[in-house]
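Architecture and fold: a report
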Amino acid sequence: MSFEQKYRCYPASFIDKPQIESGGKIIMPPSALDRLASLHIDYPMLFELSNPAAQRVSHCGVLEFIAEEGMIYMPYWMMENMLLQEGDTVQVKNVTLPKGTYVKLQPHTTDFLDISNPKAILETTLRNFSCLTTGDSIMVAYNNKKYYIDIVETKPSNAISIIETDCEVDFAPPLDFKEPEKPVAPVPLGKAAAEVQEAPVEPEPKFNPFCGVGRRLDGKPQKYEPPPVSSSGSKDKQPVNRGSGQPSAGSSSQSSSRQSQGKLVFGSNVNRSPKETQKEAAKATKQEEPKKEEPKFQPFSGKKYSLKG
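Keep in mind that what you see is a predicted model, and the values were worked out from it rather than measured. Residue numbers here run from 1 along each chain, matching the order of that chain's written sequence. Only residues with pLDDT of 70 or above have their local features reported here, since the model is predicted, and side-chain atom pairs are shown and tallied only from 80 upward, although totals for entire chains, interfaces and linings are computed over all residues. Excluding hydrogens and water, the side-chain values take into account all heavy atoms of the structure.

1. Notes on the pairing of strand β10 (residues 145–155)
This is how the line gets drawn: Strands are treated as partners if at least two bridges between them are detected by DSSP. Numbering of helices and strands starts at the N terminus; helices are DSSP runs of H or I of at least 4 residues and strands are runs of E of at least 2.
Note that strand β7 (residues 102–107) and β10 share 6 bridges and pair antiparallel. Considered in β10, the bridge of K104 is made with E153. With 6 bridges connecting them, strand β9 (residues 137–142) and β10 associate as antiparallel partners. Residue V140 lies in a different strand from β10, and its bridge partner there is Y147. Following β9, the chain reverses through 2 residues before pairing antiparallel with β10; N143 in that reversal takes a positive phi of roughly 55°.

Now the structure itself:
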């Protein structure tokens, strides 16, 4: 035989038992204890709570048998799980549950992970629980704050007993947990956009050495005009034609007159005396004169002489 009875449920605030809210046990009337004792049920006493109207099922233990007849007091979080209101009817049935070996928990908020030692707080809170059911949301009270935790998975069955058993506990990421956003790599622009943004490259001007204009210090116009420099730069230099002729008398006299007047003249013959320039001119004329052909050597071309006289 088994124990099965219907009761009206009320939250724990109706009775001076605050420890009920932070656990998973209910308070039943004394008549339930007499009935259970006569059935010789297994201990610890575990019960299945069901709400047929909402098709919700949960499991719990019993704390005391001091409630009024026909009534039970249960934690408010348990009434929320089963969608029960004050005075609603709930069916209570005794059950035997296997000892749990594994349970997976998922906090509703990341605040629970900010506790200095959440494992110790959870172990202390679960001492007030006799069993756990997959799909329930239990409440953990700490430092005047309530933390709700979902029972995601239990082994070896959907409802397990956690009394005097070694149970492995695993945590899932909180419901409001968000992964940190990864930095987005800059997207390279297309070829068309890059071509539009890039300005047309102007050709760099080539270097033209010695492209200036010579000027005289006395302000007179310059007779000699330098040949135009090609755009190819120093590679296409034109050879300088050096004259080999003798400088004219006018130029020599003009240079001597400039030196006598105390004016600066830029030229190759400024620092040379007229004598030196005349010597160089004479050498140049000698080099330009055609060389006379030397007579060929003719053997035995001498005259005959007689010893007799």
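2. Details of the pairing of strand β6 (residues 89–95)
Each regular strand displays side chains that alternate between the two surfaces of the sheet. Note the following rule: The rule is simple: take the accessible area with a 1.4 Å probe, protein chains only, and divide by the maximum for that residue type; under 20% is buried, over 50% is exposed, in between is partly exposed.
Judged by how many residues are buried, β6 sits mostly within the fold: 5 of 7 residues are covered. Sheet topology places strand β1 (residues 4–11) next to β6; 5 bridges connect them, and they run antiparallel. When the sheet's bridge partners are listed, R8 is paired in β6 with T89. Both strand β3 (residues 46–51) and β6 contribute to a ladder of 5 bridges, which runs antiparallel. Looking across to β6, one finds that L49 is bridged to V92.

3. Here's the deal with empty space enclosed by the protein
Over the atoms rolls a probe the size of a water molecule, and its path tells where empty space is left. Counted only if it meets this: Grid points spaced at 1 Å and placed over the protein atoms alone form the basis of the search, with a cavity being a set where a 1.4 Å probe fits but cannot get out and a pocket an open set showing protein on both sides within 12 Å along at least five of seven lines. Lining residues have an atom within 4 Å of a point. Grid points are joined across faces, edges and corners, and a volume is the space filled by probe spheres set on the points. For this classification, Asp, Glu, Lys and Arg are treated as charged, while Ala, Val, Leu, Ile, Met, Phe, Trp, Tyr, Cys and Pro are nonpolar and the rest, including Gly, are polar.
Summed over the entire model, instances satisfying the criterion amount to 1 cavity of 30 Å³ or more. Approximately 40 Å³ is the volume attributed to the largest cavity. G24, H59, W77, F129, C131, L132, T133, D136 and I138 together form the lining of the largest cavity. The residue makeup of the lining of the largest cavity, split by class, is 5 nonpolar, 3 polar and 1 charged.

4. Some details on the environment of S22
Test applied: Contacts are assigned to residue pairs that have any heavy atoms within 4.5 Å of one another.
You can see S22 is positioned in the loop between β1 and β2 (25–27). In this structure, the C-alpha to C-alpha distance between S22 and V140, residues 118 residues apart in sequence, is 6.3 Å. Every residue in contact with S22, bar those within four places of it in the chain, is listed here: T125, N128, F129 and M139.

5. Considerations on the side chain of N81
Short version of the rule: Residues adjacent in sequence count toward polar contacts only when both atoms are side-chain atoms; beyond that, a polar contact is any pair of N or O atoms within 3.5 Å, and within protein one must be able to donate a hydrogen and the other to accept it.
Structurally, the position occupied by N81 is in helix α2 (residues 76–81). Given the relative accessible area of 13%, N81 is considered buried. For N81, the side chain forms a polar contact with the main-chain oxygen of S137, separated by 3.2 Å.

6. Quick notes on the environment of T124
When you line up the elements, T124 lands in helix α3 (residues 118–126). Judged by relative accessible area, which is 45%, T124 ranks as partly exposed. Between the C-alpha atom of T124 and that of V140, which follows or precedes it by 16 residues, the distance is 9.6 Å.

7. A few points about the sheet that holds strand β12 (residues 168–171)
Operational definition: Only C-alpha atoms enter the line fits that serve as axes; for helices the fit covers just the stretch in contact. Angles between N-to-C directions range over 0 to 180 degrees.
An order of β9-β10-β7-β12 is seen for the 4 strands of this open sheet, with the pairing classed as mixed. Looking at which strands have only one partner, the edges of the open sheet turn out to be β9 and β12. Ignoring which end each strand starts from, the neighbouring axes of this sheet average 35° apart. Set on the sheet, α3 makes contact with β7, β9, β10 and β12; between it and β9 the angle comes to about 115°.

8. Quick word on helix α1 (residues 30–39)
Spacing of three or four residues puts side chains on the same side of an α-helix, whose turn is 3.6 residues. In plain terms, the rule: Directions drawn from the helix axis to the C-beta atoms are what define this arc.
Every buried residue of α1 is accounted for by A32, L36 and L39. Projected down its long axis, α1 carries its buried residues within an arc of 60°, all on one side. Next to the buried residues of α1 lie β1, β3 and β6. Once α1 ends, the next one or two residues include H40, with phi positive near 55°.

9. Some points on the nonpolar core
Just so we agree on the cut-off: Residues belong to one nonpolar core when they are buried, are Ala, Val, Leu, Ile, Met, Phe, Trp, Tyr or Cys, and are joined through side-chain atoms within 4.5 Å. How far each domain reaches was decided by an automatic or database domain assignment.
By size, the foremost hydrophobic cluster in this structure holds 41 residues, and its most contacted members are F3, M28, F47, L49, I72, M74 and L132. For this core, the two domains that each supply at least three residues are domain 1 (4–94) and domain 2 (102–171). A12, I20, I27 and Y73 belong to the second largest nonpolar core, which has 7 residues in total.

10. Points about the packing of aromatic side chains
Note the threshold: Pairing of aromatic rings covers Phe, Tyr and Trp, the last counted by its six-membered ring, and requires centre-to-centre distances within 6.5 Å; plane angles under 30 degrees mean stacked, over 60 mean edge-to-face, and any other angle means tilted.
What the rule picks out here adds up to 5 aromatic pairs. The interplanar angle of 40° and the centroid separation of 5.4 Å between the aromatic rings of Y10 and F14 together place this pair among those described as tilted. Among the residues examined, F14 registers a relative accessible area of 47% and is labelled partly exposed. Centre to centre, the rings of W77 and F129 are 5.7 Å apart; their planes meet at 35°, and the pair counts as tilted. Here F129 lies in the loop between α3 and β8 (131–133) and W77 lies in helix α2, a separation of 52 residues in the sequence. The pair W77 / F129 is uniform in exposure class, with both members buried. Site record: aromatic cluster; members linked through ring pairs are F112, Y147 and F171.

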